[in-house]
Each structure stands twice: as C-alpha cells, then as structure tokens.
Amino acid sequence: MKIQINQRNLSKHINIAQRGISNRTTLQILDGILLEAKDNQLKITSTDLEISIETYIDCTVEREGSVVINSRIFGDIIKKLPATTINILVNEDNNMNILCEHSEFNIQGNDYKEYPKLPIVVKNESFKIPNDIFKNAIKQTVFATSQDETRPSLTGVLMEIKDEQISFVALDGYRLALKKIKTDKDLDIKMIIPGRALSEINKIIDDNDEDLDITSAPGNIIFEIGDTKMYSRLLEGQFFNYRDIIRKDHKTEVIVNKREFQNSLERASLLAKEQKANLIKLSVLEDKLLIQSNSEIGDVHEEISVSPEGEEVNIAFNSRYLLEGIRNIESEEIKLNLMGSLNPCIITPLEEENYIYLVLPVRLAQNDF
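A short tour of the structure in this document, coming up. (Residues numbered from 1 in each chain as written. Predicted model: local features only at pLDDT ≥ 70, side-chain atom pairs only at ≥ 80, totals over all residues. Heavy atoms only, no water.)

## Some remarks on the environment of Asn354
With respect to the helices and strands, Asn354 occurs in the loop between β25 (345–349) and β26 (355–359). Note on Asn354: relative accessible area 34%, which makes it partly exposed. With 172 residues separating them along the chain, Asn354 and Lys182 place their C-alpha atoms 9.6 Å apart. Not counting residues within four places of it along the chain, the set of residues in contact with Asn354 comprises Leu178, Lys179 and Lys180. (Helix = DSSP H or I, 4+ residues; strand = E, 2+ residues; numbered from the N terminus. Buried < 20%, exposed > 50% of the residue type's maximum accessible area, 1.4 Å probe, protein only. Contact = heavy atoms within 4.5 Å.)

Next comes the structure, spelled out in structure tokens:
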C-alpha cells in the first residue's frame, strides 16, 4: 500500500473510527483499525463486534493495499504531524512507513486477513432525522439507561416509530426519560439500541440541521452521515412496558424556574451523601418549595417562592437522579406533577409537550430529617 493523504483529514477520520473501539476488548486485533486503500480513497474500519464504523477519506493511491494498525499509536502519530501531506507506505510484511516533512516513523502492522469481517446486513426500512433533533433526543434520554449488564435491554434506548411519531425511551428502574419527535414516515418499528452506540454516534455527527440517515435491519441498525457509517447490533429482550407508569392524574402541580430549582438542588446535594442515597427532601407548601438535606457534616435549607396547585406534600429523592433529568431540560420553566410522597414525580418542560422525565421517590425513614 502506498498513499498520499492530508494530515487533518486523516486525523479527523481516525478519531471517528476510534469511537468503534472498546477499552474492554480481549482480542488484540480489535485494538487496531483496518486501513484499505483503493480507487483514490482510504477506508478506515473499526469494530468491537458490537459497534462497527466505516469512514472514507479521499487520497492519492499509488498502490492499493490493506493493513491493520494499532489505533492509539497510529492516531497519536498522525495527530502530532504537521498539517500537510503525509506519505504512507506499507510493505509485504505489514511494516508501515510514515513520512511527513522532516518526520519519519516506522511501525509494525498486522495482516488485514486477521481482522474480523463485518456482518452482511440486509437493509429493511430507512428514514431520516435532522442531526440537531436527533442529538437532542439522545442527550435527553441516554443518560437514564441502566449500567446493570444483568438487565441488558435496559442498557439501551427503545426507539419506537408509530403513527408518524418517533419515541426514544430510556429507564433504569429509578427514573425514566421519554422524548417524542415527529416524522413523515408511516412506519411501525420497535428496536432497542445500545446506549453506548447512541453516545458514540452523537459525538460523531455535527449539531446542524442536515439529515442523519437511519436504516433498520434484522438485529442491527445503521447510521449514515456523509462519508461515515456506523453499524450497531440491537439489544434483545423485552423492554419494560413504560406506558403503565406514566400517570396522567396528580394531586399536586408545581411550576418552578428551572435554573433556580437546579441551582438550589445542586447546593443541597453538596451535603447529600451516597451512603444515604444522596437524599434530599422536597416540601411543597402553600406558597413555597422547600429543599432540605442533612448529614453528619451539617444541613442545608433552600427555599423557592412558587404558587402550587393542589395538596401539600413532603417527598424525598436521590438528588443525582433528580438533577440529571433537570439538567437535560432546556425550558425556562418546568412543571412538577406529584401524586403523594410514594409515587413518581413527573417533570415536564413548560414550553415543550414532547419530553417527560419521571423519577421515583425514596421512602423517608423517621430519622432522615
């Protein structure tokens, strides 16, 4: 293989490909990326057998060829080279020579035949979502996926398409995040996408209104943006019937300034301790919302003026779960819907009907406050 390629373009696409490499792999070959030079293009492939990425770069190919090279070492070298043309030569023994101005590196690669072949995916339905809308939907849901590998279906986000609406749902047993967006496609699709795959594709795509192409396939999903494709296996199993826990009725409704509420929670959580489930207590009174937390270090008392509707209520939460949802809401004001101290709190942006965040309360013991 012998090519000439632009340093900036190559570095950018190596960074993209590295999103498909897992730190937890036990196969040394998967620490590498596959380089294939053909038809004046360099194709870079990475995989951890769950996520696979293919990305293409224009270059001058003087001699076609393929090699597997350690991703970290290759990426670090290319990143440090001057922003000019790089000459790359790979001999029959997979030794790579990298030459750029006055810098020269020689590194050992591996035979491309040792690299696992990507699965042949039979495409089914395709649809498009603008990049910025997709990124926001993932940002507002993926944080609520479970980290518990014994419940694999909850480590992903359910993407459900029906009645010209796409729903993204994530839950981990303590909270639920639901985002709905409109689509002009009349499809009936339900799939559970690994949270890691969504986090990685979100880092690859730009925050603009260009379209992300999404294709479903048996057991797989394909994201395509420009000169890059990501393939991800879907998660198997049944997703929790989330609709049953989103109640429409409530006894208490509080509208509060999002920024003021978030700041108060962040201050109160400074004294909330992990061994006490990061416990904070909310008290909805006639004209105010009280936020309290205490520990052996001390206690904190926050007060926000509100005009609630309905019953007064005392309810406690894990402050981390409450804050993570609120931080991902962009509305200036949010609404808290409560149904007593033992039922979930449903939080919605006042200016947006298509996002719901639900968080379960923590049962208060007599000596907690």
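Additional details are given in the paragraphs that follow.
## Concerning helix α3 (residues 131–139)
Looking at α3, one finds that the buried residues are Asn131, Phe134, Lys135, Asn136, Ala137 and Ile138. Looking at the buried side of α3, the elements it contacts are β10 (126–130), β12 (165–171), β13 (175–182), α4 (195–204), β15 (211–217) and β16 (220–225).

## Here we look at the packing of helix α5 (residues 258–268) against helix α6 (residues 319–327)
Helix packing geometry: the angle between the two helix axes and the distance between the axes. Across the interface, α5 lies against α6 with an axial gap of 10 Å and an inter-helix angle of 150°. If you check the angle between α5 and α6, you find them roughly antiparallel. Viewed along their axes, α5 and α6 form a crossing whose handedness is left-handed. Between α5 and α6, the contacting residues are Lys258, Phe261, Gln262, Leu265 and Glu266 on the first element and Leu322, Leu323, Ile326 and Arg327 on the second. Taken together, the residues that form the contact of α5 with α6 break down as 5 nonpolar, 1 polar and 3 charged. (Axes fitted to C-alpha atoms, helices over the stretch in contact; angles between N-to-C directions. Parallel < 35°, antiparallel > 145°, perpendicular 65-115°, else oblique. Left-handed = near helix turned anticlockwise from the far one by under 90°. Nonpolar A, V, L, I, M, F, W, Y, C, P; charged D, E, K, R; others polar.)

## Overview of the sheet that holds strand β7 (residues 85–90)
What the 5 strands build is an open sheet, ordered β5-β1-β7-β8-β9; its pairing is antiparallel. In this open sheet, the two strands that pair with only one neighbour each are β5 (60–63) and β9 (103–108). Each neighbouring strand pair of the sheet contributes to a mean axis angle of 20°, computed without reference to strand direction. Of the strand pairs in this sheet, strand β1 (residues 2–6) and β5 are connected by 3 bridges, and their pairing is antiparallel. The partner of Lys2 across the bridge, within β5, is Arg63. (Pairing = 2+ DSSP bridges.)

## Thoughts on unusual backbone geometry
Even without being glycine, Leu49 reaches a positive phi, approximately 75°. Take Leu49: its relative accessible area is 37%, and that puts it in the partly exposed class. The backbone of Asp163 sits at a positive phi, close to 55°, despite the residue not being glycine. Here Asp163 shows up in the loop between β11 (156–162) and β12.

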